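Here are the chains, one letter per residue:
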Amino acid sequence: MIKIKLKVLASGSSGNAYLLTSSGRSILLECGIRFEEIKKKLNFNFDNILGCLLTHEHMDHAKSVTNVLAHGIDCYMSQGTADALQLNHHRLHIANEQFTLDNFTIMPFKVEHDVKEPLGFLIYDNITKEKLVFATDTPYLIYRFNNVNYYMIECNYDRDKLEENIETGVINHSMRNRLLNSHFEINSLIEYFRFTDLKSCRKIVLIHLSSNNSSDDFQARIQNATGIDTEIAWNQNIELRLYPF
């Protein structure tokens, strides 16, 4: 049985990078850690990587993009992200419409963040006929997608925990409005899922958790609210499959 596999290389404010693999072909999602770390975590094997999808220009998502390009890997991002990173390379591709990488069909979509032109990606596997939504660094999603099997989605902070940390001086008050306007809060995510058709969904992977403003119960809260098997992305391999249920 063909399975989609997700390898979490890093997730969180210090860096984000993931490898999505199906039918022996892989996509690198973000490259926000040192390239040496990426190479080690992939056992120096880049042979089957079709490309790298970049959501925006912040360094915890794009730290190694010049190295990835120099290593011969095509990178896909918005024009705004490319401009912000001052990239000019023959392997740079502007993702402003649906495109195909071997067995994957990818649809970029707009999200909200404090950058030039951030994106999320709807990824369809043409072999397994499965859909995955990849969305991070956004306080909400304006789109709802049909027949999604897997969500890789940010669940960055709990507002009550944030307010408590501001009150006690753990977090500077100046960061408050930025977090509220640029990252997905857990109750907002629960509300999004409440009005989303999840009948085809088999797994939710929570990404980009704040080290200070999240809590250990995020997995249970999302799973209890949705009834969908939920995992938090740390440094692990996650198997995504529809069958058996």
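An account of the accompanying structure is given in this report.

Thresholds applied
Residues numbered from 1 in each chain as written. Predicted model: local features only at pLDDT ≥ 70, side-chain atom pairs only at ≥ 80, totals over all residues. Heavy atoms only, no water. Helix = DSSP H or I, 4+ residues; strand = E, 2+ residues; numbered from the N terminus. Rg over C-alpha atoms; globule rule 2.2 N^0.38 Å. Buried < 20%, exposed > 50% of the residue type's maximum accessible area, 1.4 Å probe, protein only. Contact = heavy atoms within 4.5 Å. Areas by Shrake-Rupley, 256 points an atom, 1.4 Å probe, with all protein chains shown as cover. Arc of directions from axis to C-beta. Polar contact = N/O pair within 3.5 Å; in protein donor to acceptor, adjacent residues only side chain to side chain. Pairing = 2+ DSSP bridges. Phe/Tyr/Trp six-rings, centres within 6.5 Å; stacked < 30°, edge-to-face > 60°.

Structural notes on the overall build of the protein
Point 1. When you go through the protein residue by residue, the secondary structure sums to 8 helices and 14 strands.
Point 2. A compact globule built from 245 residues would reach a C-alpha radius of gyration of about 18 Å, and the protein, at 17 Å, matches this within 12%.
Point 3. Taken along the three principal axes of its C-alpha coordinates, the protein extends 50 × 45 × 30 Å.
Point 4. Within the protein, buried positions represent 56% of all 245 residues.
Point 5. When contacts within the protein are restricted to residue pairs at least 6 apart in sequence, long-range pairs at least 24 apart make up 60% of them.
Point 6. In the structure as shown, the protein presents an accessible area of about 11,300 Å², 45% of it carried by carbon and sulfur atoms.

Points about helix α5 (residues 159-167)
Point 1. Residues of α5 that are buried: L162, N165 and I166. The arc enclosing the buried residues of α5, seen along the axis, measures out at 100°, which places them on a common side. In this structure, α5 carries D160 and E167 as exposed residues pointing more than 90 degrees from its buried face.
Point 2. Against α6 (176-182) lie the buried residues of α5.
Point 3. You can read the cap of α5 off the contacts: a side-chain oxygen lies 2.8 Å from the backbone nitrogen of D160, and it is on D158.
Point 4. Taken from the residues just after α5, G169 is the one with a positive phi, measuring 85°.

A short note on the pairing of strand β10 (residues 130-135)
Point 1. With 5 of its 6 residues buried, β10 lies for the most part within the structure.
Point 2. In this sheet, β10 lies alongside strand β9 (residues 119-125) in antiparallel orientation, the contact comprising 5 bridges. Considered in β10, the bridge of F121 is made with F134.
Point 3. Linking two consecutive strands that pair antiparallel, namely β9 and β10, is a turn of 4 residues; a positive phi of about 65° is found at K129 within it.
Point 4. Pairing geometry for β10 and strand β11 (residues 150-154), over 4 bridges, is parallel. Bridged to F134 within β11 is M152.

Description of the packing of aromatic side chains
Point 1. Enumeration according to the criterion identifies 9 aromatic pairs in this entry.
Point 2. Measuring from centroid to centroid gives 4.7 Å for Y76 and F99, while their planes differ by 5°, and the two rings are stacked. Here Y76 is found in strand β5 (residues 75-77), whereas its partner F99 is found in strand β7 (residues 99-101), with 23 residues between them in sequence.
Point 3. Residue classification places Y76 among the buried residues on the basis of a relative accessible area of 9%.
Point 4. Classification of F99 as buried rests on a relative accessible area of 14%.
Point 5. Consider the rings of F109 and F145, whose centres lie 4.9 Å apart with planes at 50°: the pair is tilted. Separated by 36 residues along the polypeptide, F109 in strand β8 (residues 104-110) and F145 in the loop between β10 and β11 bring together distant segments of the chain.
Point 6. What makes F109 buried here is its relative accessible area of 6%.
Point 7. Taking the relative accessible area as the measure of exposure, F145 reaches 13% and is therefore buried.

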